[in-house]
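# What the coordinates show
As a plain string of letters, each chain reads:
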Amino acid sequence: MHYTGTLYRNPYEPQSPLLEITQGCTHNKCKFCTMYKDVPFRMSPLEWIEEDLQEIAMFDPGTERLQLIGADPFCMEFKKLDIICDMVHKYLPKVAVMTMAARVDNVKNKTVGQLKTLKEKGMVEVNLGVESGDDRTLDRIQKGYHARDIIEQCRKLDEAGIRYWMTFLNGVAGKELSHEHAVNSAKVFSECHPVVVGTGGLTLFPGTPLLDEANRGEFTPLSEKEMLIEQKTFLENLTCECTLITHHTVTANLTGMSFPENKELILKKMQHAIDNIDEERMAAVRNNKTHL
Ligand code: SF4
């Protein structure tokens, strides 16, 4: 297989082969991320993709799912993705579901009609690392788009019938913008129709501009308890129907709960976690993390 640089498998995806179609990230500027810092962006040559599909066809010919990988492989223009879909079906005729990570702005270069075609060919779900719906926070972390873009591009996905996940990055606004980040993200997420809302907690990794800002006193990280309070505020204001995934809060694991039916129970669990937090233990868990 032609795997290069950083490989990321969505841990919540059922086991399925990974097909790399891009390397690195088209943006590579988010202030909290080092994942693809040393991997220049490029699209994988079609010959590589074809060779990898032939290899997958040898060891897993009946696979019904594929994860297309790269930081944001959905950036590819429609024509290229369409060619890749046809190639997938040539070598793996049973594939019905292709999933991949995407930036919100990856959707911009495709019409709703083109998105519908990709969906019919199996590109049925994308994982949007949205992080925030608050414009000041989005600007501060150099995410490269605004709340309006999130809503507009998600509407196109809705119209095309492509399912999407949305991620809220807890803590990324620091103390300075924490409340706005929680409330405005919930507002924007609630205007969309994500099948899954995931929340991950910010860890300041060496080499990130955000850590440098924290060291200079320009960004004030949240304590673990403040992270939970921010997450609770986000959930209090969230109204969309979705499944919830919270993969960072060891004291309040809410993963897999459906929303908003379980909202009251979820908020109770959050409050319990806030009241009983072991700050030192949670901080130790975070300090042992080596990547997002
Ligand atoms: S968070 Fe995603 S979009 Fe931002 S630099 Fe990292 S991989 Fe690229």
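For clarity, every value in this text was computed on a predicted model and none was experimentally measured.

Calculation criteria
Residues numbered from 1 in each chain as written. Predicted model: local features only at pLDDT ≥ 70, side-chain atom pairs only at ≥ 80, totals over all residues. Buried ≥ 20, exposed ≤ 12 C-beta atoms within 10 Å, placed from the backbone. Helix = DSSP H or I, 4+ residues; strand = E, 2+ residues; numbered from the N terminus. Pairing = 2+ DSSP bridges. Right-handed = clockwise from strand over helix to strand, strands pointing away. Axes fitted to C-alpha atoms, helices over the stretch in contact; angles between N-to-C directions. Parallel < 35°, antiparallel > 145°, perpendicular 65-115°, else oblique. Left-handed = near helix turned anticlockwise from the far one by under 90°. Contact = placed C-beta atoms within 7 Å. Nonpolar A, V, L, I, M, F, W, Y, C, P; charged D, E, K, R; others polar. Near = placed C-beta within 6 Å. Core = buried A, V, L, I, M, F, W, Y, C linked by C-beta atoms within 7 Å.

With that settled, consider the pairing of strand 7 (residues 163-170). Burial within strand 7 is extensive, with 7 of its 8 residues counted as buried. Judged from the 5 bridges that link them, strand 6 (residues 123-131) and strand 7 form a sheet pairing that is parallel. What sits directly across from Leu128, in strand 7, is Met166. With 6 bridges joining them, strand 7 and strand 8 (residues 196-201) adopt parallel strand pairing. Bridge pairing links Trp165 to Val196 in strand 8. Traced from strand 7 through helix 6 (residues 174-190) to strand 8, the parallel crossover comes out right-handed.

Here helix 2 (residues 78-91) crosses helix 3 (residues 112-120) at 15°, and the two axes come no closer than 10 Å. Taken together, the axes of helix 2 and helix 3 are roughly parallel relative to one another. Read as a crossing pair, helix 2 and helix 3 show a hand that is left-handed. Between helix 2, through Phe78, Leu81, Asp82 and Cys85, and helix 3, the contact on the second element is made entirely by Gln114, Thr117 and Leu118. The class makeup of the residues in the contact of helix 2 with helix 3 is 4 nonpolar, 2 polar and 1 charged.

With respect to the helices and strands, Leu267 occurs in helix 9 (residues 263-275). Here Leu267 falls in the partly exposed class, since 14 other C-beta atoms lie within 10 Å of it. Residues Leu267 and Leu254, spaced 13 residues apart in sequence, show a C-alpha to C-alpha distance of 9.9 Å. Sequence-distant contacts of Leu267, that is, excluding residues within four places in its chain, are made with Lys232, Leu235 and Glu236.

Neighbouring the ligand are the residues Cys25, His27, Asn28, Cys30, Cys33, Met35, Tyr36, Ala71, Arg103 and Gly129. Classifying every residue of the shell around the ligand by side-chain character gives 6 nonpolar, 3 polar and 1 charged.

Once that is clear, we can look at the nonpolar core. If you look at the biggest cluster of nonpolar residues, it comprises 73 residues, and the most contacted ones within it are Leu19, Leu128, Tyr164, Met166 and Phe189. Sequence-distant contacts of Leu128, that is, excluding residues within four places in its chain, are made with Ala102, Val104, Tyr164, Trp165, Met166 and Thr167.

Picture the strands of a sheet paired through backbone hydrogen bonds; they go either parallel or antiparallel. Overall, mixed pairing links the 8 strands, which are arranged 1-4-5-6-7-8-9-10 in an open sheet. The sheet is open, and its two edges are formed by strand 1 (18-20) and strand 10 (257-259), each paired on a single side. Strand-to-strand twist of the sheet, defined as the mean angle between neighbouring strand axes without regard to direction, takes the value 25°.

Moving on, we come to the environment of Leu115. The topology assignment puts Leu115 in helix 3. Since 22 C-beta atoms lie within 10 Å of it, Leu115 is described here as buried. A C-alpha to C-alpha distance of 32 Å links Leu115 and Asn262, two positions 147 residues apart in sequence. Setting aside chain neighbours within four positions, we find Leu115 in contact with Lys110, Lys156, Leu157, Ala160 and Ile162.

Scope: geometric values only; no functional claims are made or implied.
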